[in-house]
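One letter stands for each residue in the lines below.
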Amino acid sequence: MANQYDHINKRIQKFIEAQKIFFVATATGDSRINLSPKGMDTFRVLDPNRVAWLNLTGSGNETAAHLQADGRITIMLCSFEGPPMILRIYGRGRVIHPKHKDWDTLIGLFPDLSGKRQIIDTQVEMVQTSCGMSIPYYDFREERRELDDWARDKGEDGIKDYWKQKNEKSIDGLPTKIEESY
């Protein structure tokens, strides 16, 4: 039932743009596997072989640490409404911090959310679709605003203090290089 592609075609891009949530998985050879849900309209298809997403401040920073050590990333989207489908994007990601030379080129593609931490820029190596017929239906109500409100209330200096305390190392002790943003 699975189909594999070497790029994101128009049909797949339309599917991606309709989804409200995506999941990101990363790991190194000897770290824990990290799997995180993401939302808030932060995922973009840049071209058939490149996607990016805006990474917001959170309790950990595993994705950044794993990508800088290993580079492998899998992104999964699945249909909770309409026809069933599971979509996986396999690729190699890089972390773009706010002071990175490519930040200004990419940040305008995303909503202006408080607590923006990094952009994860991914070269697509393979796209795989599968049936998704066992995935239940869920109705989207609205985006949660708590993270954006929390980050806005902390302010820029408060967010940087939080990064220093919680985001400089992964749970396995790997560096995230978030300090490049200070």
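Draft legend 1. The arrangement of the pairing of strand E6 (residues 72-78) in detail. Strand direction decides the pairing type here: strand E2 (residues 22-26) and E6, joined by three bridges, are antiparallel. Its bridge partner lying in E6, valine 24 is registered against isoleucine 75. Pairing of E6 with strand E7 (residues 86-96) involves seven bridges; the strand directions are antiparallel. In the strand pairing of E7, leucine 77 is matched with leucine 87.

Draft legend 2. Representation of the packing of aromatic side chains. Enumeration over the complete set of coordinates arrives at four aromatic pairs. For the pair phenylalanine 22 and tryptophan 53, a centre-to-centre distance of 5.8 Å together with 70° between the ring planes defines the contact as edge-to-face. Here tryptophan 53 lies in strand E5 (residues 50-56) and phenylalanine 22 lies in strand E2, a separation of 31 residues in the sequence. Grouping residues by exposure puts phenylalanine 22 and tryptophan 53 together as buried. Sitting over the face of the ring of phenylalanine 140, lysine 20 holds its NZ or CZ atom 5.1 Å from the ring centroid.

Draft legend 3. Structural context of helix H2 (residues 62-69). With respect to burial, H2 is a largely interior element, six of its eight residues being buried. Among the residues of H2, Glu62, Thr63, Ala64, Ala65, His66 and Leu67 are the ones counted as buried. Residues of H2 that are buried make contact with E2, strand E3 (34-38), E5, E6, E7 and strand E8 (116-130). Glycine 71 lies just past H2 and shows a positive phi near 95°.

Draft legend 4. Representation of the pairing of E7. Across eleven bridges, E7 lies against E8 in antiparallel orientation. When the bridges of E8 are listed, valine 95 appears paired with isoleucine 120.

Draft legend 5. Just the nonpolar core, in detail. In terms of nonpolar packing, the biggest core is built from 22 residues, with Ile8, Ile16, Phe43, Ile75 and Ile89 touching the most fellow members. Of all the secondary structure elements, the ones that give two or more residues to this core are helix H1 (10-18), E2, strand E4 (43-47), E5, H2, E6, E7 and E8. When sequence neighbours within four positions are dropped, the list of residues in contact with isoleucine 89 reads Ile8, Ile16, Phe43, Val51, Ile73, Thr74, Ile75, Leu77, Val124 and Met126. In this structure, Ile96, Leu106, Leu113 and Ile119 belong to the second largest nonpolar core, which totals eleven residues.

Draft legend 6. Highlighting unusual backbone geometry. Here the phi dihedral of methionine 40 falls at roughly 60°; this positive angle occurs in a residue that is not glycine. When you line up the elements, methionine 40 lands in the loop between E3 and E4. Of the residues examined, methionine 40 reaches a relative accessible area of 13% and is grouped as buried. We note that aspartate 41 has phi near 55°; this positive angle belongs to a residue other than glycine. The topology assignment puts aspartate 41 in the loop between E3 and E4.

Rules and cut-offs
- Residues numbered from 1 in each chain as written.
- Predicted model: local features only at pLDDT ≥ 70, side-chain atom pairs only at ≥ 80, totals over all residues.
- Heavy atoms only, no water.
- Pairing = 2+ DSSP bridges.
- Helix = DSSP H or I, 4+ residues; strand = E, 2+ residues; numbered from the N terminus.
- Phe/Tyr/Trp six-rings, centres within 6.5 Å; stacked < 30°, edge-to-face > 60°.
- Buried < 20%, exposed > 50% of the residue type's maximum accessible area, 1.4 Å probe, protein only.
- Lys NZ or Arg CZ within 6 Å of the ring centre and 35° of its normal.
- Contact = heavy atoms within 4.5 Å.
- Core = buried A, V, L, I, M, F, W, Y, C linked by side-chain atoms within 4.5 Å.

All we've got here are geometric facts, nothing functional implied.
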